[in-house]
Amino acid sequence: MSYRIDIESLRRYQADGVTSKAMTEAERRRFEQAVEEALSARASAGGPGEIDDTTERVFIVEEGDSLWEIAEELHLDFDEFLALNERDDISDPAEIDPGDVVFVPHTSPEEAAQSPRDAQGVPIGEDDFIDGLRERGNDLEYADDPAAVDYDAEIDAISQDIERYLAALPADERQAALQRIYDHDWVDAGPAQMAIEQAAQNSGLALQPSSHTGPEAEAEAREIIAEAREHSDPQEALDVLEERYEDASSAVRAALDRSSDTREIAAEAGAGIIADARAEDDPADALRTYEAGRADAPERVQNALDRSSDAQAIIDDAAAWAAEPLDGELEGTDTPQRRTLETIERLDALTEGLGAELASEVVDALVDEIEVANQGDLQDYGGAMAGPNGTAMLMEILDRIAGTEAGDRAVNRLAEQLPVDMNTVRNEMNEAVSSGEAIPSLALAIASLEGVEGFRDEVFSAVEHFRDGTIAEQADDYHEHLDELSFLILNGGAAMTEEQLEAAIDDYIASNPDWEAEFQALQEQLADSGAGLLEQIEQLQALPDGVRADHQARIDALLDDPNAQLAVSTALQERPELVKGESGDALIETFNELGITGDHPLAVSLAGAYLRENVILPAGDIDPSDAQSLEEARTRLDETLRNNPGLAELLGTTADELDELADAFEPLIPEFTDDFDPQRYGIDVARNLNNTLDKTNEIFRDSPYNRAFRASALSIVGSGLANAIDAYGDDPSLRSALQVSIETARVGVDGAQLVDALLTGGEGSRVTPGLKLGGKFVHLFGAGLAGVDALVRLNEGDVVGAGLNAAVAGGVGYAVFGSSSLAGPVGFGIATLATLVQFGRDAYLNAQHNSRFETQATADFLAHAGFSEEAAQVLIDQSGGGHSAVPLLIRYGELHGLSPEQTVEWINAIAEGENGTTMLAALRDNLHNTLDEFDGDIMQFDTHADGFELASPSLGESRSGSLTPRSQFELDAILPQLDIESPQEYA
């Protein structure tokens, strides 16, 4: 069918006649030229050379169109249509081509009313007539110069056309027709709706209330409401409504949700809950009865109760009862403090055990009562006053309702008008903050006021003391506990395969029976403290702008400390609730405000945890044979990636690029079909995975986030494949096809290995039913970030940091395939420590003691790499800077083309030779000098060094270990002096 464009050739109208999309510049130029040529042809034939937008529209012909078909589709008078297109370029009405411009008259009300009827007896031209009304209303609502528009006259003109349409219908059809028109959606076309209402009044027709979801939906919704109204019992009426609601379409549900009749039915059903609460003599019992009834009620009734003035009266009565002690003049030994304490005690009795929302409404209502008391009899005494006991109790009450809208409002109002005992506020605040709990809401509200600079400083100092005291001590304990194992992994691990490293770690832990329990306890402590510090920072960041601006530097500095970063990183790993959904979005907003974005370690940790919890782990539930599973997966992706400028800022990209990434991710989730073909699915997802990875490369090519999104993409694909294989059997040909498609999908070695492990299982067994990849990807993700971060640091010239992080990547990578339940947490602990060392490496290394790991434990660990006892005993010795020679020896072997296993074999051969351990020790000592000069960065050791290279070292210097070989060339020259054969023999 032909389609309409606006007369300026700027936009193309969609089927509803109002919404439109912009044309490309090329389309615009093409259509402008086509319109000009059509007008010129019409003028040459004696017609007008300009468009009259009040009487005609512009349409573009599509394949298969003819003037007769266009007239029929748009319900036009053919002669009028033909007259409007008398042109030199259309000599025959049958000869029009795709892309031609035609001028179309507006459908008259009479033509629309007298058009053929559809199956329901409605004129088929009515939709076109309604589109015209909507367009005219839209033009009025968004007029370029509203002051130049006579809205009364324009609305009256639309109303007259509606009346003409009605007049052209049989009299007994007019009421239904007007209601149908009215039931349409008139959003963005409000003047048209006003014209409909005016036409109804002029025609003497009554319109029923409408939610404007469309005539079919509105009619069905009215039938459902009428059926429910047939039941006099409110609960039965509600049951009918809810039962029919569940079976209704989304449009009918929308109509019911918007209907005032629906709200009335819900309110009538909730009246019994209010009556039960009213029957209670005790205000606290009334609140609890009301809350219990509301909790058991359907959501529709809960919403009705929230709007109910009778329900509000229950809350107001409870607040008035709590405020009774404040009434009347003071007598005898009465004091404002005693009366205020009794009011607070009553408030405590009212709110204890109540949900935060209802409790907050009670407190908020009580503030009104306190204001009345302060302006009445207590005014002469300074108003209501809370002493130490009252202040402590009040702070506990207010913390119950913190975070609710009414609660936060009430806290701020009380802080302004209710004198409290500040020593109690200080004590409670310091105790809470030092324990890692939230800053008490009353303390925070007071700190937000003007003229309290001293107390505000105390709040900040309390948080800083928590960081510098509690967290610092916990971090020291954590460092100390992981210190030895970290050293062993970062150094001995360089010579090991994944399996060897896992076995070495397992043996280390087994030889220290309490190590695992202590590690988990220390990690829990750090996670709790990190979560507490994050909450405190979010609270400080939420201070009023004017207050926060003066202290922003102190807030920023709270996360500049490596110990705080360790605690927060641990919390992000161990506390998924911090990063899921809205909580994650709020935390991202805070990080952005603090400038923690891009490749900052905490930004990387937060982005990784956010993707892990909102994309990677939920991907484990994707099942191609389950429509709901697929829909939920798309929803999660949209909520996480699309229209998320906060995440884009955290990642250092743009919201548009993140939207593009979401567009690339969505095809990884297949469309549901009853005849699901797993082999076809495998081929499709491999192709789509390629596109997705190309897009992530384009956006995050040199960023640590590239690997994160790769892990996300692969997890979606892997989960789908796992469920596909589970559902349809372990078909060898299918497995082979999937294996090839994934391995060619540019996912890297680790991705291919993971899919291989997924598809073949242990020792060739089929995939176990219900396998989910989510947990595996936590470890892959951690290792991937460390590895890519190393590449980034190398590109930036930070080879020391790169070497450390590359070792960390090896230290975590084994957790992907390892069977040890502790492998993942240990790996993450080491990765976190090493990453944060990047921000304070010099201080960390200066604190090393060069002999602290020269122990049998180190020798035992090295034995797992295949080192002999003799070689291991020599290699446990460290340099003056605390470095092990093992990584540099592995690097030297690599430069000769040796694998780590071959290098270990060469080193063992040295130790076994005549004076072998002595010569190996001399080699080690020479390499220690190199390590200290390179500050431990083995990547500075290459085939050749810049400048002069020592080609003929002396025997004495070589064997005394006093040389500093800076390259493979120099070390090659030293080996003969030590009677050590070249490693080349072992390649």
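Residues numbered from 1 in each chain as written. Predicted model: local features only at pLDDT ≥ 70, side-chain atom pairs only at ≥ 80, totals over all residues. Heavy atoms only, no water.

## With respect to the pattern of salt bridges
This model, assessed by the stated rule, comprises 49 salt bridges. The residue Arg891 makes a salt bridge to Glu894 at a minimum N-O spacing of 3.0 Å. On the criterion of helical spacing, the pair formed by Arg891 and Glu894 is a turn pair, its members being three residues apart in helix α43 (residues 886-895). Shared partners join several salt bridges into a network, and the residues in it are Asp364, Asp368, Glu371, Arg409 and Arg413. (Salt bridge = Lys/Arg side-chain N within 4 Å of Asp/Glu carboxyl O. Helix = DSSP H or I, 4+ residues; strand = E, 2+ residues; numbered from the N terminus.)

## Observations regarding a negative patch on the surface
On the surface, Glu473, Asp476, Asp477, Glu480, Asp514 and Glu518 cluster together into a patch of negative charge. At four residues, the largest contribution of residues to the negative patch is made by helix α22 (residues 453-492). The exposed category is assigned to Glu480, whose relative accessible area is 61%. (Patch = residues over 30% accessible without salt bridge, like charges linked within 9 Å, V, L, I, M, F, W, Y side chains within 5 Å. Areas by Shrake-Rupley, 256 points an atom, 1.4 Å probe, with all protein chains shown as cover. Lys, Arg positive; Asp, Glu negative; His and termini not counted. Charge placed at Lys NZ, Arg CZ, Asp CG, Glu CD. Buried < 20%, exposed > 50% of the residue type's maximum accessible area, 1.4 Å probe, protein only.)

## Examining the nonpolar core
With 196 residues, the main nonpolar core has Leu540, Leu559, Phe591, Phe709, Phe867, Trp906 and Leu923 as its most contacted residues. Of the residues forming this core, the biggest block, 14 residues, is contributed by α22. When near neighbours in sequence (up to four residues on either side) are disregarded, Phe709 contacts Leu611, Leu641, Leu651, Leu658, Leu661, Phe665, Thr696 and Phe700. The next biggest cluster of nonpolar side chains, apart from the first, holds 23 residues, and it includes Ile158, Ala177, Ile181 and Ala199. (Core = buried A, V, L, I, M, F, W, Y, C linked by side-chain atoms within 4.5 Å. Contact = heavy atoms within 4.5 Å.)

## So, the confidence of the model for the chain
For the chain, per-residue confidence averages 82 on the pLDDT scale, and residues scoring 70 or more make up 83% of the total. Between residues 837-849, whose pLDDT stays under 50, and residues either more than four places distant or in other chains, the model counts 19 contacts. (pLDDT = per-residue confidence, 0-100.)

## Concerning the pairing of strand β4 (residues 56-60)
Counting buried positions along β4 gives five out of five residues, so the element sits mostly inside the fold. Of the two faces of β4, the one holding Glu56, Val58 and Ile60 and the one holding Arg57 and Phe59 are both buried throughout. Sheet analysis places β4 next to strand β5 (residues 101-105), joined by five bridges and oriented antiparallel. Each residue of the ladder has a partner; that of Ile60, found in β5, is Val101. (Pairing = 2+ DSSP bridges.)

## Let's talk about the environment of Glu80
Along the chain, the position of Glu80 falls in helix α3 (residues 78-84). Residue class for Glu80 comes out partly exposed when judged on its relative accessible area of 40%. When the C-alpha atoms of Glu80 and Pro105 are compared, they prove to be 7.5 Å apart, with 25 residues separating the residues in sequence. Setting aside chain neighbours within four positions, we find Glu80 in contact with Pro105 and Glu111.

## Considering helix α15 (residues 309-323)
Under the 1.5 Å per step criterion, the end-to-end length of α15 is 20 Å for 15 residues, consistent within 8% with the ideal 21 Å. For α15, the set of buried residues is Ala311, Ala313, Ile314, Ile315, Ala318, Ala319, Ala322 and Ala323. The inward-facing, buried residues of α15 abut α12 (260-278), α13 (283-296), α14 (299-307), α16 (336-351) and α17 (356-374). Between the side-chain oxygen at the start of α15 and the backbone nitrogen of Asp310 there is a gap of 3.1 Å, and the oxygen is on Ser308. (Expected span 1.5 Å × (residues − 1). Polar contact = N/O pair within 3.5 Å; in protein donor to acceptor, adjacent residues only side chain to side chain.)

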